[in-house]
Amino acid sequence: MKERNVSSTLSTDYLMPGTKRTSDDLMSQSPMVTNGTSPPHLSGSDNEAKKVKLEQSSANGPSRVVHIRSLPPDCTEADVVQLGLPYGKMSNVLLLKQKNQAFLEFLDEQAAVTMVSFHQQNPAQIRMRSVYVQFSNHKELKTDQANSFQNATAQAALQAASAVMGGPTEDGQKRTTLRIIVEHLVYPVGIEVLYQIFSKFGKVLKMIIFTKNNSFQALIQMSDPVAANAAKLSLDGQNIYNGCCTLRIDYSKLNNLNVKYNNDKSRDFTNPNLPSGDPGLDQAMPFGGPGSLVTPVVPGMGAAPLSAYGAANVVGGTPVYASNFSGNNSAQVSQMSSYGVPSPMGAARLMTLNAAAAAGNAVLLVSNLDEQKVTPDALFTLFGVYGDVHRVKILFNKKDNALVQMAEPHQAQLAIAHLDKVKVWGKSIRVTQSKHTLVQMPKEGQPDAGLTKDFTNSPLHRFKRPGSKNCQNIFPPSTVLHLSNIPPNIEEDFITEAFQEHGQVKAFKFFPKDRKMALIQMASVDEAVTALIAMHNYPLSDTNHLRVSFSKSTI
């Protein structure tokens, strides 16, 4: 295949480096991220804003521009730049995904000559696939600098390569492991979601997700420093969903992640045959040798379900991996202000088959409960913080286990994300997805001892009203509780005395402009959980019942 065949398929002398995204895109506050896809046709201002003109030269002579073809479908700009890294500094890269080809421009022609000469004798490989390297017919790639950020992944890959080649190591430019903190975690984020995002910048080798200091965090090991640096430059500060789930990215001090299990908390993408782990064990995260991290032993749940339900479809937001890396640039991005807003472009097409099978399950298995204290009403109240609970069944022969059926699958995933391993009545409970898809009510006349209860029509559901502010105020368990629906005649002492029956009260404060609401701080998260279960819907008057939820605020 000759390079001129590529040019002859284009209607003009221009090559399109990426697809334009609308101003509503999730990454609106920084350089936009695309997948480098070359669409078959763009017209008008889109075409003018993104064209890269190739200056023609003689057909066979050496050139600073190297033409690479037969690329794998999942190839990224970072992969192309990584291939050229040993030969010299690069000034531009253009990836034509639809044609499985790329152009790589060096600052120095000799670097390009060295690369082509070497790979004529030693076939190049990208992502385990042989690719062909030759001189381009073009002397240089001229990019419209005013719009160079239209293809920000290419810019990020080049910046990352520059940092790796010439920069010092103290800032982490030569590291391959990233530490990610997801702020404003309104909706759950799992391994599949992060993989879809970060794999656009290079090969993801391993991943661990965990909660630390009440924040969702992840460690992601990329295949090379260029991919890690490109991902960091492009994604730091971006939102996975509109207005929430903000990525904060830095380098990890760990050189290698020692992943022992493939499950919803850890994944080794280079070794799919790892076991899922023993669900009976619950160990802390121990550290191995220097520069390595051993993952915790957690129950195996197969493919990670946190991204399975497709948040864009269920809760009305377009995830970054669906909108920013697809060929469709016409999606209308929905604000995630309620549970009922449909998205015109869902993430379902990115789901794995196993994850898709788990997507429709809204039933949770809750284990390690205090069987002397647990009741259906207590679980209804606790899990009701993260969704509308329809049914609860405490298992007759194993009363420290229960099934909780939520109204929607994404609410079940929120409960897993926020309540798994949380202490309830002094015991760390486990919350996983159940193999059951429905909690059965006992047959008429069958003794149940009050262990099964239907809450479908309960007036205490927090999320049944579309657009409710409760949808925007979902937080993990914390020592500070938010109180609302307080009548004007109720004083601080009355409330604090009631809460002191369930733990030590450290602080209390009415809202200055709205005395119907207050914050109360308990001595520990465990006591705050106990207090929420006991005090939510507590009668303060004939017409006012207290509303209690977890808060991110401090007193």
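Residues numbered from 1 in each chain as written. Predicted model: local features only at pLDDT ≥ 70, side-chain atom pairs only at ≥ 80, totals over all residues. Heavy atoms only, no water.

### Here's the deal with the sheet that holds strand β19 (residues 402-406)
Read from one edge to the other, the open sheet built from five strands follows the order β22-β17-β19-β18-β23, with strand pairing classed as antiparallel. Either end of the sheet is taken by a strand with one partner, and the two such strands are β22 (430-433) and β23 (452-454). Each strand of the sheet is rotated relative to its neighbour by a mean of 20°, with strand direction disregarded. Pairing of strand β18 (residues 389-394) with β19, which is carried by five bridges, proceeds in the antiparallel orientation. Opposite R391, over in β19, you have Q405 as the bridge partner. With respect to the sheet, helix α11 (residues 376-383) is in contact with β17 (363-367), β18, β19, β22 and β23, its orientation differing from that of β18 by roughly 140°. Strands in contact with helix α12 (residues 409-419) are β17, β19 and β22; relative to β22, the strand with the most contacts, it is inclined by about 150°. (Pairing = 2+ DSSP bridges. Helix = DSSP H or I, 4+ residues; strand = E, 2+ residues; numbered from the N terminus. Axes fitted to C-alpha atoms, helices over the stretch in contact; angles between N-to-C directions. Contact = heavy atoms within 4.5 Å.)

### Examining the sheet that holds strand β27 (residues 547-550)
Ordered by their spatial adjacency, four strands build an open sheet running β25-β26-β24-β27, and the pairing between neighbours is antiparallel. The two strands at the open ends of the sheet, each matched to only one other strand, are β25 (505-511) and β27. Adjacent strand axes in the sheet meet at a mean angle of 25° when their direction is disregarded. Sitting on the sheet, helix α14 (residues 525-535) touches β24 (480-484), β26 (514-522) and β27, and the angle it makes with β27 is about 155°.

### Quick look at a negative patch on the surface
Among the surface-exposed residues, E492, D493, E497 and E501 lie close enough to one another that they form a single negatively charged patch. The exposure class assigned to E501 is exposed, which follows from its relative accessible area of 65%. (Patch = residues over 30% accessible without salt bridge, like charges linked within 9 Å, V, L, I, M, F, W, Y side chains within 5 Å. Areas by Shrake-Rupley, 256 points an atom, 1.4 Å probe, with all protein chains shown as cover. Salt bridge = Lys/Arg side-chain N within 4 Å of Asp/Glu carboxyl O. Lys, Arg positive; Asp, Glu negative; His and termini not counted. Charge placed at Lys NZ, Arg CZ, Asp CG, Glu CD. Buried < 20%, exposed > 50% of the residue type's maximum accessible area, 1.4 Å probe, protein only.)

Purely geometric numbers; function is a separate question.
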